[in-house]
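# Observations on chain architecture
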Amino acid sequence: MNDTSGHLRRVNPPHLSPPTGFSHAVVATGARLVFLAGQTALDPDGKIVGATVPEQFTRALSNLLAALDAAGGAPADLARVTVYVTDVAAYREHAPELGRIWKQLAGRDYPAMAVVGIVRLWDEQALIELDGFAVLP
């Protein structure tokens, strides 16, 4: 579902879990900024998939990139990504694997990033969430 209201276009691809109270992506015309809502390892039915940080990271990053693609962007357009994780030690332990997953899905054009340790996410089964913004040409 794409919603156009004035200078913002809200993009909610049908193959992602239906959003409640947010848009998966918002495109601001003129500057062509895309603000990407936090993505966890939700499947199209709204269920968390994967039991490990790498499994959930793969799905969350895939969801983030799907929202970006639906908004007309590509991984190289990502300017900023924040990773929220419930277990920083597990994230660090799997960092080399997570790096390989990132390169496979998003390439080598890295955005500015931060990893933030948190107590829990909206879905209790979620171990990781990614959000960010992109600048499109």
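What you see is a predicted model, and the numbers here were worked out from it, not measured in a lab.

### With respect to the packing of aromatic side chains
For the structure on display, the rule yields one aromatic pair. Here the aromatic rings of Phe35 and Phe133 are separated by 6.0 Å at their centres, their planes lie at 35 degrees, and the arrangement is tilted. With Phe35 in strand 4 (residues 33-39) and Phe133 in strand 7 (residues 128-135), the pair connects residues that are 98 residues apart, well separated along the chain.

### Concerning the packing of helix 1 (residues 53-70) against helix 3 (residues 95-106)
It is the contact of helix 1 with helix 3, at a shortest axis distance of 10 Å, that shows an interaxial angle of 25 degrees. It follows from the interaxial angle that helix 1 and helix 3 lie roughly parallel. The handedness of the crossing between helix 1 and helix 3 is right-handed. Contacts from Val53, Pro54, Phe57, Thr58, Leu61, Ser62 and Leu65 of helix 1 reach helix 3 at Glu97, Leu98, Ile101, Trp102, Leu105 and Ala106. By residue class, the composition of the contact of helix 1 with helix 3 is ten nonpolar, two polar and one charged.

Definitions and cut-offs
Residues numbered from 1 in each chain as written. Predicted model: local features only at pLDDT ≥ 70, side-chain atom pairs only at ≥ 80, totals over all residues. Heavy atoms only, no water. Phe/Tyr/Trp six-rings, centres within 6.5 Å; stacked < 30°, edge-to-face > 60°. Helix = DSSP H or I, 4+ residues; strand = E, 2+ residues; numbered from the N terminus. Axes fitted to C-alpha atoms, helices over the stretch in contact; angles between N-to-C directions. Parallel < 35°, antiparallel > 145°, perpendicular 65-115°, else oblique. Left-handed = near helix turned anticlockwise from the far one by under 90°. Contact = heavy atoms within 4.5 Å. Nonpolar A, V, L, I, M, F, W, Y, C, P; charged D, E, K, R; others polar.

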